[in-house]
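This is what each chain is made of:
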Amino acid sequence: MISLRKFKQNWLQPFFFYGNNPLTLIGASITTASAITWWTFWIMDLINNALNNPYLGLIFFFLLPILFVFGLIMVALGAYLRRDKLRKAGQVPTVYPTLDLNNPVFRHGALIVLIATMANLVIVGTSTYEGVTYMDSAQFCGKSCHVMQPQWVAYQHSPHSHVACVECHVGPGFNSYVRAKMQGTKQLYEVAFHDYPRPITVPLNALRPAREACEHCHNPRRFTGDKLVIINTFGDDEKNTEATTVLVLHLNLIHREHLNHFVYTATDDTLQKIIAVNMPNPKGGETQFIDSSWKGPIKGVTRVMDCMDCHNQATHIFRTPEQALDLAMAHGSPSPSLPYVHKEGMALIQGNYSSQAEAGQKITAALYKYYQTNYPTLWVSQRATVEQAAKSLVAVYDQNVFPDMKVTWGTYPDNIGHMNYPGCFRCHDGSHVTKSGQSIPNDCTTCHNILAVQETNPKILDQLGISGDATPSI
Ligand code: HEC
Ligand code: HEC
Ligand code: HEC
Ligand code: HEC
Ligand code: HEC
């Protein structure tokens, strides 16, 4: 009791006495208003996922704290200045006025703080809310934040185009939540000061989702049996001859094998060069497979294998020129009826352009010119088809190449297969071996049965009763 009274006499009373000046009162109201806003949004954000956005970090860890501290500085400065002034005038009291609401000076001070806090609350609260709503919008992610453009465009054309960024990038749990917010703040800083990597590096940091994020929607125990994979390609001949590859992929085995088991070591941040894999044995201990071509020490980035080690392109799908063009043609445009459109298209989408705008103009002009010169009658009779083909080529380019961000064909490797990038063969290449010479299986039937390779109208599809155009819809 005694110490409380002393505290009041020696600290609170002088504080309120000196604090009774406009600067301190306004500072106090700014600080209180930002604190209330901070807590309100924090609670709303935790409860309501709709507000959940990594860029809230900007507000949580940056703007509101700055306002908060700014207010505190005003409080201290105001009190200091008043004390200084009174001291110079020799008016420092020996006994400070009591904290009593009956004392009109104290009452008025308290009232001013209250009213100013209300006013500030409206201002800080409303602008914070506006800011959050804006940052939550697709427009912020995709357009204002120009850096994200490649990921944003790829996302829009993915099976997850209706899954919010935060569903994957902000995993469950408080830690990942705070981590993501901090990461978002760091990125905004980088963007603001143009201090970001181009292309955005495939991250080993907080950007890479946690495995739980996927399992929130996909239960790995539900991967049973095999999956039929049909891949259509077009040739470089005049008729753009279509060929089909048919595989039966052992999906269950693939999913069952790796998860939670394997710890691997890679020498690069993009995880493309894997030099060692440790596999726990059922009876204890572990088997280590080492890349026999690697002569250096076993050190680098170490990870427990999870979904992202294969599905690194779960949603940011960047295709190879062949894949992208074949897919577009399988969907009908560029129309396979246009002679040599595959060959010409491949050359055009791989051209060197300084921007998407330039690519758009040049690809279109070059395709028109090709048909005007080489197929003048077709240019007249099927002009609309050629125009549509040009549009589709430009779209293929725009979905995969972003000169501004230095993202081009092949910038982001896909780990799912092994034809275009090392993918599964980062480990299953036959040269990752144990001391006793046992290798990670790489027999062609380990992962799939190959039913047809690049065949025109493969019989197997007839036998299965499947029409050959079973291309992915995305
Ligand atoms: C279905 C899950 C999922 C969704 C939804 C998702 N991402 Fe990603 N994102 C990933 C994965 C997985 C990676 C990691 C790739 C890697 O590590 O190789 C990633 C990586 C990134 C990267 C790093 C660059 C790269 O391609 O590796 C950026 C930037 C990014 N995401 C932004 C976004 C934005 C913006 C959105 C919303 C428009 C979004 N992500 C939505 C799964 C997702
Ligand atoms: C919010 C729910 C949700 C989350 C989180 C989610 N997915 Fe999906 N995912 C879906 C839905 C829905 C589909 C099916 C879309 C369709 O068929 O059009 C899908 C489809 C897929 C497909 C099949 C794509 C194809 O071409 O058929 C893969 C692979 C996949 N998800 C992997 C992942 C991975 C890896 C993660 C974690 C990084 C993840 N998903 C996170 C909902 C989710
Ligand atoms: C060892 C590599 C590997 C790992 C690890 C892995 N997957 Fe897959 N997954 C594949 C392959 C390969 C396919 C088939 C690809 C295709 O359809 O072209 C596939 C297909 C899928 C599909 C589509 C299934 C369908 O019926 O079309 C989903 C969804 C999926 N995986 C989710 C996950 C999730 C979630 C995890 C983590 C819990 C995971 N995968 C871990 C390799 C892997
Ligand atoms: C980080 C290394 C690594 C990567 C990448 C990897 N695997 Fe594996 N995989 C292994 C190891 C290790 C084994 C277990 C080998 C053993 O049991 O001797 C294995 C086992 C398998 C098996 C079971 C083989 C059997 O006969 O039991 C299949 C199927 C498989 N992997 C498919 C894939 C596919 C498909 C991919 C690419 C999408 C892939 N793996 C990527 C390391 C890897
Ligand atoms: C470790 C697993 C694994 C092994 C071993 C493996 N493959 Fe594959 N293969 C895959 C996966 C995964 C895909 C991708 C399927 C997809 O695109 O969905 C694939 C795709 C293919 C394709 C179609 C690719 C395309 O784009 O046209 C062919 C052809 C193929 N493999 C041939 C082979 C041959 C030949 C061998 C033996 C030398 C082999 N594979 C060994 C996992 C494997």
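Worth saying up front: this structure is predicted, and the values here are computed from it rather than measured.

Here we come to the sheet that holds strand β8 (residues 448-455). Strand order across the open sheet formed by 3 strands is β1-β2-β8, with antiparallel pairing between neighbours. Whereas interior strands pair on both sides, the edge strands pair on one side only; in this sheet they are β1 (227-234) and β8. Taking each pair of neighbouring strands and ignoring which way they run, the sheet shows an average axis angle of 10°. Bridge count between strand β2 (residues 242-249) and β8: 5 bridges; the pairing is antiparallel. Each bridged residue has a counterpart across the sheet, and for Thr-244 the counterpart in β8 is Glu-455.

Taken together, 21 residues lie around ligand 1, and Cys-165, Cys-168, His-169, Arg-208 and His-316 are the ones closest in. Gln-151 places a polar side-chain atom, nitrogen or oxygen, 3.1 Å from an oxygen atom of ligand 1. Between ligand 1 and the protein, one listed contact pairs a nitrogen atom with a side-chain N or O atom of His-316 at 2.8 Å. Classifying every residue of the shell around ligand 1 gives 14 nonpolar, 6 polar and 1 charged. The two domains that each donate at least three residues to the shell around ligand 1 are domain 2 (140-215) and domain 3 (253-316 + 425-442).

We now examine the nonpolar core. One recurring pattern in soluble globular proteins: nonpolar side chains tend to sit buried together. Grouped together as the largest cluster of nonpolar side chains are 28 residues, with contacts concentrated most on Leu-338, Ile-363, Leu-367, Tyr-371, Val-386 and Leu-393. Put simply, the parts of the chain that give this core at least two residues each are α12 (321-330), α13 (341-349), α14 (356-374), α15 (376-381) and α16 (383-400). For this core, the leading source of residues is α16, giving 7 residues. The contact partners of Leu-393, leaving out residues within four places of it in the chain, are Leu-325, Pro-334, Gly-345, Leu-348, Ile-349, Ile-363 and Leu-367.

Under the counting rule described, the total for this entry stands at 9 aromatic pairs. With a centroid separation of 5.7 Å and an interplanar angle of 25°, the aromatic rings of Trp-152 and Tyr-155 are classed as stacked. Of the two residues, Trp-152 and Tyr-155 both sit in helix α6 (residues 149-156), 3 residues apart, roughly one turn of that helix. Judged by its relative accessible area of 11%, Tyr-155 is buried. By way of ring pairs, the aromatic residues Tyr-370, Tyr-371 and Tyr-375 are connected into one cluster. It is Arg-82 that lies over the ring of Phe-17; its NZ or CZ is 4.5 Å from the centre. Here the guanidinium or amino end of Lys-343 rests over the ring plane of Tyr-340, the centre of that ring lying 5.7 Å away.

Close contacts around ligand 2 come from Pro-159, His-160, Val-163, Glu-167, Cys-168, Ala-213, Cys-214, Cys-217, His-218, Met-308, His-311 and Ala-314, and that covers them all. Between ligand 2 and His-160 there is a distance of 2.7 Å, counted from a nitrogen atom to a side-chain nitrogen or oxygen. One nitrogen or oxygen atom from the side chain of His-218 is found 2.8 Å from a nitrogen atom belonging to ligand 2. Mapped onto the shell around ligand 2, the elements with two or more residues apiece are α7 (165-169) and α9 (211-215). Tallied by class, residues from the shell around ligand 2 come to 8 nonpolar, 3 polar and 1 charged. Per-domain counts for the shell around ligand 2 show at least three residues from each of domain 2 (140-215) and domain 3 (253-316 + 425-442).

Moving on, we get to the coordination of the iron atom of ligand 2. Within the protein, His-160 (NE2) and His-218 (NE2) serve as the donor atoms for the iron atom of ligand 2, at 1.9 to 2.0 Å. Given 6 donor atoms and angles of 87 to 179° at the metal, the environment of the iron atom of ligand 2 is assigned as octahedral. Pair noted here: His-160 is in the loop between α6 and α7 and His-218 is in the loop between α9 and β1, with a separation of 58 residues, a long-range link. Residue classification places His-218 among the partly exposed positions, given a relative accessible area of 43%.

We now examine the pairing of strand β6 (residues 301-304). What you see with β6 is a clean split: Val-301 and Arg-303 sit on the buried side and Thr-302 and Val-304 on the side with no burial. Two strands pair when backbone bridges link them, and strand β3 (residues 263-266) and β6 are joined in this way by 4 bridges, in the antiparallel orientation. Note that in β6 the partner of Thr-265 across the bridge is Thr-302.

Further remarks concern the environment of Tyr-371. Position of Tyr-371 among the secondary structure elements: in helix α14. Accessibility expressed as a relative area gives 0% for Tyr-371, which makes it buried. Distance from Tyr-371 to Leu-338, taken between C-alpha atoms, is 9.2 Å for residues 33 residues apart in sequence. Contact partners of Tyr-371, with chain neighbours within four places excluded, come to Leu-338, Pro-339, Tyr-340, Val-341, Pro-376, Leu-378, Trp-379 and Val-386. Within the structure, the side chain of Tyr-371 is placed 2.7 Å from the backbone oxygen of Pro-339, a separation counted as a polar contact.

The next thing to look at is a negative patch on the surface. A contiguous patch of negative charge, built from Asp-236, Asp-237, Glu-238 and Glu-322, is present on the exposed surface. Within the element layout of this structure, Glu-238 appears in the loop between β1 and β2. The exposure class assigned to Glu-238 is partly exposed, which follows from its relative accessible area of 40%.

On to a nonpolar patch on the surface, then. Residues Leu-23, Phe-68, Val-69, Leu-72, Ile-73, Leu-77, Tyr-80 and Leu-81 make up a contiguous nonpolar surface patch of roughly 700 Å² in combined accessible area. Locating Ile-73 in the fold gives a position in helix α3 (residues 56-88).

As a further point, take α6. In terms of burial, α6 is a largely internal element, 6 of the 8 residues being buried. The complete set of buried residues in α6 reads Pro-150, Gln-151, Trp-152, Val-153, Ala-154 and Tyr-155.

Thresholds applied
- Residues numbered from 1 in each chain as written.
- Chains lettered and ligands numbered in written order.
- Predicted model: local features only at pLDDT ≥ 70, side-chain atom pairs only at ≥ 80, totals over all residues.
- Heavy atoms only, no water.
- Pairing = 2+ DSSP bridges.
- Helix = DSSP H or I, 4+ residues; strand = E, 2+ residues; numbered from the N terminus.
- Axes fitted to C-alpha atoms, helices over the stretch in contact; angles between N-to-C directions.
- Near = heavy atom within 4 Å.
- Polar contact = N/O pair within 3.5 Å; in protein donor to acceptor, adjacent residues only side chain to side chain.
- Nonpolar A, V, L, I, M, F, W, Y, C, P; charged D, E, K, R; others polar.
- Domains from an automatic or database assignment.
- Core = buried A, V, L, I, M, F, W, Y, C linked by side-chain atoms within 4.5 Å.
- Buried < 20%, exposed > 50% of the residue type's maximum accessible area, 1.4 Å probe, protein only.
- Contact = heavy atoms within 4.5 Å.
- Phe/Tyr/Trp six-rings, centres within 6.5 Å; stacked < 30°, edge-to-face > 60°.
- Lys NZ or Arg CZ within 6 Å of the ring centre and 35° of its normal.
- Donors = N, O, S within 2.8 Å, 3.2 Å for Na, K, Ca; no water.
- Tetrahedral: all angles 85-135°; square planar, octahedral: opposite > 155°, others 65-115°.
- Patch = residues over 30% accessible without salt bridge, like charges linked within 9 Å, V, L, I, M, F, W, Y side chains within 5 Å.
- Areas by Shrake-Rupley, 256 points an atom, 1.4 Å probe, with all protein chains shown as cover.
- Salt bridge = Lys/Arg side-chain N within 4 Å of Asp/Glu carboxyl O.
- Lys, Arg positive; Asp, Glu negative; His and termini not counted.
- Charge placed at Lys NZ, Arg CZ, Asp CG, Glu CD.

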